[in-house]
Every structure is written in C-alpha cells, then in structure tokens.
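# Structural overview
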Amino acid sequence: MQQTEMFALLERKIEEMLEEVELLRMEVTELRDAKDALEAEKSESTRRLQSLLARFESIQATQSAA
C-alpha cells in the first residue's frame, strides 16, 4: 500500500470517528433532555401526591375531631 493510500484510509477512518462522536454527542443531549423531562414529571407527581395526602389527612383530622 502506498503512502497516499494509507493517508486516504487514515483520513476516512478519522472522518468516520468524528461522525460517530457527533452522533454520540447528539444522543447524549437527547438523553439529558429526556432525563430532565422525567425528573420534572417525577417532581410534579410527587407534588400532586403530597397534595392529595395532605387533603386526606385534613379530612381524617376533621372526622377525628367530630
């Protein structure tokens, strides 16, 4: 194999690796966005559940006082 062929092959491999790195970066960004969305959803669910539990406790306290 000649030196120019080796450089061409090396260049092609480097370009492929750079493309792969870019794809992986995009995937990481998507995963981070999905994680953030899931954390927000979890926080909202927790807040709603705490609100419901507080309402049940309030009702229970009212019934116990009666």
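For the structure given in this document, a descriptive report is provided here. Fair warning: this is a prediction, and the values are worked out from it, not measured in the lab. (Residues numbered from 1 in each chain as written. Predicted model: local features only at pLDDT ≥ 70, side-chain atom pairs only at ≥ 80, totals over all residues. Heavy atoms only, no water.)

## Digging into the overall build of the chain
The secondary structure content of the chain amounts to one helix and zero strands. The principal-axis extent of the C-alpha atoms belonging to the chain is close to 95 × 10 × 5 Å. Within the span of the chain, comprising 66 residues, buried residues form 0% of the whole. Accessible area for the chain stands at about 6500 Å²; split by element, carbon and sulfur atoms hold 58% of it. Side chains of the chain give 9 positive and 15 negative charges; the mean places of these two sets differ by 10 Å. (Helix = DSSP H or I, 4+ residues; strand = E, 2+ residues; numbered from the N terminus. Buried < 20%, exposed > 50% of the residue type's maximum accessible area, 1.4 Å probe, protein only. Areas by Shrake-Rupley, 256 points an atom, 1.4 Å probe, with all protein chains shown as cover. Lys, Arg positive; Asp, Glu negative; His and termini not counted. Charge placed at Lys NZ, Arg CZ, Asp CG, Glu CD.)

## A few points about a nonpolar patch on the surface
Residues Leu-49, Leu-52, Leu-53, Phe-56 and Ile-59 make up a contiguous nonpolar surface patch of roughly 500 Å² in combined accessible area. Within the element layout of this structure, Leu-52 appears in helix H1 (residues 3-65). Judged by relative accessible area, which is 42%, Leu-52 ranks as partly exposed. (Patch = residues over 30% accessible without salt bridge, like charges linked within 9 Å, V, L, I, M, F, W, Y side chains within 5 Å. Salt bridge = Lys/Arg side-chain N within 4 Å of Asp/Glu carboxyl O.)

## A few points about a negative patch on the surface
Taken together, Glu-20, Glu-27, Glu-30, Asp-33 and Asp-36 make up a surface patch of like negative charges. Within the element layout of this structure, Glu-20 appears in helix H1. For Glu-20, a relative accessible area of 43% puts it in the partly exposed group.

## Details of the pattern of salt bridges
Overall, the coordinates contain two salt bridges when judged by the stated rule. Among the salt bridges present, the one from Glu-44 reaches Arg-47, with a minimum N-O distance of 2.6 Å. Placement of both Glu-44 and Arg-47 in helix H1 is noted, with a separation of three residues, approximately one turn of the helix.

## Focus: the environment of Thr-4
If you trace the backbone, Thr-4 turns up in helix H1. We classify Thr-4 as exposed; its relative accessible area is 56%. Separated by 46 residues in the primary sequence, Thr-4 and Gln-50 place their C-alpha atoms 68 Å from one another.

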